[in-house]
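Here are the chains, one letter per residue:
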Amino acid sequence: MRAASWVSAGTAALSGAVAAAAWRTANRADQARLRVEAERDAALEQVAALTQLVEAARAAAPQNVDFHVQRIRGPVDRFRLRNVGAGTATNVRFVIDPAEEQNRRIPTPQWHQDGPVTLLPDQWADFAASALSPVAGSWRIVFPTFVTVICDEAGTPRRIDLPTDVVAEDDVVS
């Protein structure tokens with residue numbers, strides 16, 4: 001019986017060793033799985049952060065908006081602001097410097113239409129930029145030399161020189 005006890009004890013020890021090895025392998029696999037999941041979560045967080053940065057950069061980038069101004073002579077002279085860029089200019093408005101506003105010789109530009117102005121590519125809107133002002137002791141119509149325009153896409157004001165060439169109502173340059 002002694003041999004059977006030894007065989008039984010050996011079998012128990014061998015079973016314990018195999019169980020310990022199996023547990024150790026399973027524990028290492030579980031730790032490796034946890035490490036891989038943590039690395040995957042960190043990579044997904046980086047992808048989400050980079051995606052937000054790209055979207056913010058796209059939103060902040062100018063949409064290729066550019067303007068051209070034409071002066072049109074008629075019963076009342078007016079100016080035409082044309083979007084010559086490839087992007088849409090929304091909420092186009094004039095920026096008035098407070099120092100210029102106080103100087104009565106500088107007229108405040110006004111749109112000829114009501115409401116916010118949106119200019120698609122190659123679309124235009126007319127505005128007035130003249131004022132009756134006392135000049136050298138007499139009243140004269142005064143035009144500014146430039147206007148400052150801002151739109152939502154560009155985000156920064158743009159100074160646009162007003163042209164000295166005049167186009168008549170029938171588009172004839174004088």
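If you're wondering where the values come from, they're calculated on a predicted model, not measured in any experiment.

Reading the values: the criteria
Residues numbered from 1 in each chain as written. Predicted model: local features only at pLDDT ≥ 70, side-chain atom pairs only at ≥ 80, totals over all residues. Heavy atoms only, no water. Patch = residues over 30% accessible without salt bridge, like charges linked within 9 Å, V, L, I, M, F, W, Y side chains within 5 Å. Areas by Shrake-Rupley, 256 points an atom, 1.4 Å probe, with all protein chains shown as cover. Salt bridge = Lys/Arg side-chain N within 4 Å of Asp/Glu carboxyl O. Helix = DSSP H or I, 4+ residues; strand = E, 2+ residues; numbered from the N terminus. Pairing = 2+ DSSP bridges. Axes fitted to C-alpha atoms, helices over the stretch in contact; angles between N-to-C directions. Core = buried A, V, L, I, M, F, W, Y, C linked by side-chain atoms within 4.5 Å. Buried < 20%, exposed > 50% of the residue type's maximum accessible area, 1.4 Å probe, protein only. Contact = heavy atoms within 4.5 Å.

(A) Quick look at a nonpolar patch on the surface. Taken together, the side chains of Leu132, Trp139 and Ile141 define a hydrophobic patch exposed on the protein surface, amounting to about 400 Å² of accessible area. Along the chain, Trp139 turns up in strand E8 (residues 138–142).

(B) Looking closely at the pairing of strand E3 (residues 89–94). Sheet analysis places E3 next to strand E5 (residues 117–119), joined by two bridges and oriented antiparallel. Within E5, the position partnered with Val92 by the bridge is Val117. Alignment of E3 against strand E9 (residues 146–150), held across two bridges, turns out to be antiparallel. By the bridge assignment for E9, Arg93 is matched with Ile150.

(C) Structural detail: the sheet that holds E3. Across the sheet, which stays open at both edges, the four strands sit in the order E5-E3-E9-E10 with antiparallel pairing between neighbours. Edge positions in the sheet fall to E5 and strand E10 (158–161), since each has one partner strand and no second. Strand-to-strand twist in this sheet, taken as the mean axis angle between neighbours without regard to direction, amounts to 40°.

(D) Fine view of the nonpolar core. Counting 19 residues, the largest nonpolar core has Phe67, Leu81, Val92, Trp111, Leu119, Phe127 and Val149 as the members making the most contacts within it. Ranked by the residues each element gives to this core, the list is headed by E3, at three residues. In this structure Trp111 touches Leu81, Val92, Arg93, Phe94, Val117, Ala125, Asp126 and Phe127, once residues within four positions along its chain are discounted.

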